[in-house]
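As a plain string of letters, each chain reads:
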Amino acid sequence: MVKRIVSGVQPSGKLTIGNYLGAIKSFVKLQDEYEGAEFFFFVADLHAITVTQDRLKLRQSIREVAAMYIACGLDPDKVNIFIQSEVPAHNQLGYIMESTAYIGEMERMTQYKDKRQRQVEGIKTSLLTYPALMAADILLYDANLVPIGDDQDQHLELTRMVGERFNNQYGNTFEIPKAYYNKDVVRIMSLADPLKKMSKSDEIERSFILLDDEPNRIKNKIGSAVTDSDTKIYFDKENKPGISNLLSIYAGFSDKSVEEIEKLYENKSYQEFKSDLGNLIVDYLKPIQERYKEILNSKYLDEVLDRGRDRAIIISNRKLEKVYHKVGLGRKK
Ligand code: AMP
Ligand code: TRP
């Protein structure tokens, strides 16, 4: 039985429609599907400082991600929403996980290798050890299911591996989690370069759509999305990555399948397709944006985060105490 569901999003900038379609939309779906389960959705602020952040911007982004969770439909009466750094057991178990995982395992992570290659300034130690903290985030709560985008599956595999290693060494301690992928949604690609993932940290503004982008901005960004010089609208990732990406986005924001959308636009132009897609996204995001504005600076948001933190502290400290005991740290109680 699924008892606990855990996931997080980094506050490394404003959220994009990639974050929504790839992660938050699944969180909301799970919240409604698994009524008996307990949920922990957090803002992974400790993960964000694996690269240099401006402190004021970081603080703002943390609040924004939390507000966006709620605006997108997470119900604080059903799920615990909290900020990772406010629950100290994450760091504490993170260190134990660093003492369980091997350096070679960390160095093999593609996300680390990619980021390392692109980075010019000094690479922080935490960029390498990041998956140990992520393992802790998950194992602390005995999560059975972890909704993630496919870019995170290597990290989840590592979580399973270190969880099992710990269990073998010290006796059964952690539930071994499974990834939950939203089958309807694939990875959303950059609008400027459909071979790259859409990312909130991309330097090219028109490559991503933010969940709080103004309607005209959204329409313009879709309008200027890179496509091919063909005229037909159909899904072919290899030869038509731009159009295929827009079809995925369309499917994500409607209840239609890609095949249905292809049919709908069989004899229509790219321009018409893009214009409809722009309107679709704008209409879909309108109530989310309204709710977001209402709660961003509200006391309500703080109350939700306090409540989530308090519950997360209780559950995670219980687990941490067990772990310390098993490892042989401190004094015998
Ligand atoms: P991040 O922005 O890296 O903290 O990602 C938060 C969550 O959103 C993760 O589960 C990612 O897999 C998901 N995500 C981020 N960008 C995309 C994208 N372009 N397409 C699909 N999922 C994404
Ligand atoms: N590493 C994830 C990302 O970059 C965010 C994250 C941190 C996470 N801890 C987690 C996701 C635990 C799921 C479970 O997207």
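Enquirer: Even after reading the chapter, I still don't get the overall build of the protein chain, so can you show me in this structure?
Expert: In terms of regular secondary structure, the protein chain is built from 13 helices and 5 strands. For 333 residues, the compact-globule estimate of 2.2 N^0.38 gives 20 Å, and the protein chain sits close to it at 21 Å. Taken over the C-alpha atoms alone, the protein chain extends approximately 75 × 45 × 40 Å along its principal axes. Buried positions account for 51% of the 333 residues belonging to the protein chain. Considering only intrachain contacts with a sequence separation of at least 6, the fraction spanning at least 24 residues in the protein chain is 76%. Carbon and sulfur atoms provide 48% of the accessible area of the protein chain, an area that totals close to 16700 Å². Distance from the positive charge centre (49 side chains) to the negative charge centre (50 side chains) of the protein chain: 5 Å.

Enquirer: Looking at this model, I keep getting lost on the site of ligand 1. Mind explaining?
Expert: Close to ligand 1 lie 14 residues, the nearest being Asn19, Asp151, Ile188, Met198 and Lys200. Between a nitrogen atom of ligand 1 and a main-chain N or O atom of Gly18, the distance comes to 3.2 Å. The contact in question runs from a nitrogen atom of ligand 1 to an N or O atom on the backbone of Ile188, over 2.7 Å. When residues of the shell around ligand 1 are assigned to their parent elements, the largest contribution, 4 residues, is made by helix α1 (residues 17-33).

Enquirer: What is the right way to look at the packing of helix α9 (residues 215-223) against helix α12 (residues 270-296) in this model?
Expert: When two helices pack together, their arrangement is given by the angle between their axes and by how far apart the axes lie. It is the contact of α9 with α12, at a shortest axis distance of 9 Å, that shows an interaxial angle of 150°. As α9 packs across α12, the resulting crossing turns out to be right-handed. Along the contact surface, α9 presents Pro215, Ile218, Lys219, Ile222 and Gly223, while α12 presents Lys274, Leu277, Gly278, Asn279, Ile281, Val282, Leu285 and Gln289. Partitioned by chemical class, the residues of the contact of α9 with α12 number 7 nonpolar, 4 polar and 2 charged.

Enquirer: Looking at this model, I keep getting lost on the packing of aromatic side chains. Mind explaining?
Expert: When we look at a pair of aromatic rings, we describe it by the centre distance and by the angle of the planes. Applying the stated criterion to the full structure yields 15 aromatic pairs. Ring centres of Tyr20 and Tyr284 lie 5.8 Å apart, and the angle between their planes is 65°; on these two criteria the pair is classed as edge-to-face. Highlighted residues: Tyr20 in helix α1 and Tyr284 in helix α12, separated in sequence by 264 residues. A residue is classified by how much of its surface remains accessible, and Tyr20, at 4% relative accessible area, is buried. Where Phe253 meets Tyr284, the ring centres are 4.9 Å apart and the plane angle is 75°; that geometry is what we call edge-to-face. Linking Phe253 in helix α10 (residues 241-253) with Tyr284 in helix α12, this pair joins segments that are 31 residues apart in sequence. Accessibility expressed as a relative area gives 26% for Tyr284, which makes it partly exposed.

Enquirer: Looking at this structure, I do not really get the side chain of Arg4. What am I missing?
Expert: Along the polypeptide, Arg4 turns up in strand β1 (residues 4-9). The exposure class of Arg4 is buried, given its relative accessible area of 18%. Other than its neighbours up to four places away in sequence, Arg4 contacts Glu38, Phe40, Tyr141, Asp142, Ala143, Asn144, Leu145 and Ile315.

Enquirer: Could you clarify how one ought to interpret α10 in this entry?
Expert: Each full turn of the α-helix corresponds to 3.6 residues, which orients residues three or four apart in the same direction. Given a rise of 1.5 Å per residue, 13 residues ought to cover 18 Å, and the 18 Å separating the end C-alpha atoms of α10 matches this to within 8%. Most of α10 sits out of view: 13 of its 13 residues are buried.

Enquirer: Would you explain helix α3 (residues 55-71) in this entry?
Expert: A rise of 1.5 Å per residue sets the reference length of α3, with its 17 residues, at 24 Å; its end C-alpha atoms lie 24 Å apart and thus fit the reference within 8%. Here α3 has its buried residues at Leu58, Ser61, Ile62, Glu64, Val65, Ala66, Ala67, Met68, Tyr69, Ile70 and Ala71. At the N-terminal boundary of α3, the capping side chain belongs to Asp54, with an oxygen 3.1 Å from the backbone nitrogen of Leu56. Following α3 by one or two positions, Gly73 has its phi on the positive side, about 120°.

Enquirer: Is there a simple way to think about the pairing of β1 in this case?
Expert: Remember that side chains alternate between the two faces of the sheet whenever the strand is regular. Most of β1 is tucked away: 5 of the 6 residues are buried. Pairing analysis gives 6 bridges linking β1 to strand β2 (residues 38-43), with the strands arranged parallel. Within β2, the position partnered with Ile5 by the bridge is Phe39. As for the winding sense of the linkage, the β-α-β connection from β1 through α1 to β2 is right-handed.

Enquirer: What is the right way to look at the site of ligand 2 in this model?
Expert: Around ligand 2 there are 13 residues in total, and Gln10, Tyr130, Met134, Asp137 and Gln152 lie nearest to it. In this structure, Gln10 approaches ligand 2 through a side-chain N or O atom, which is 3.0 Å from an oxygen atom. One of the side-chain nitrogen or oxygen atoms of Asp137 is found 2.7 Å away from a nitrogen atom of ligand 2. Look at ligand 2: alone it shows 360 Å² of surface, and the protein chains cover 91% of it. Those elements that place two or more of their residues in the shell around ligand 2 are β1 and α7 (125-139). Per-element accounting of the shell around ligand 2 gives the leading share, 4 residues, to α7. Looking at the shell around ligand 2 residue by residue, the classes come out as 7 nonpolar, 5 polar and 1 charged.

The rules behind the values
Residues numbered from 1 in each chain as written. Chains lettered and ligands numbered in written order. Predicted model: local features only at pLDDT ≥ 70, side-chain atom pairs only at ≥ 80, totals over all residues. Heavy atoms only, no water. Helix = DSSP H or I, 4+ residues; strand = E, 2+ residues; numbered from the N terminus. Rg over C-alpha atoms; globule rule 2.2 N^0.38 Å. Buried < 20%, exposed > 50% of the residue type's maximum accessible area, 1.4 Å probe, protein only. Contact = heavy atoms within 4.5 Å. Areas by Shrake-Rupley, 256 points an atom, 1.4 Å probe, with all protein chains shown as cover. Lys, Arg positive; Asp, Glu negative; His and termini not counted. Charge placed at Lys NZ, Arg CZ, Asp CG, Glu CD. Near = heavy atom within 4 Å. Polar contact = N/O pair within 3.5 Å; in protein donor to acceptor, adjacent residues only side chain to side chain. Axes fitted to C-alpha atoms, helices over the stretch in contact; angles between N-to-C directions. Left-handed = near helix turned anticlockwise from the far one by under 90°. Nonpolar A, V, L, I, M, F, W, Y, C, P; charged D, E, K, R; others polar. Phe/Tyr/Trp six-rings, centres within 6.5 Å; stacked < 30°, edge-to-face > 60°. Expected span 1.5 Å × (residues − 1). Pairing = 2+ DSSP bridges. Right-handed = clockwise from strand over helix to strand, strands pointing away.

What is shown is where atoms sit, not what they do.
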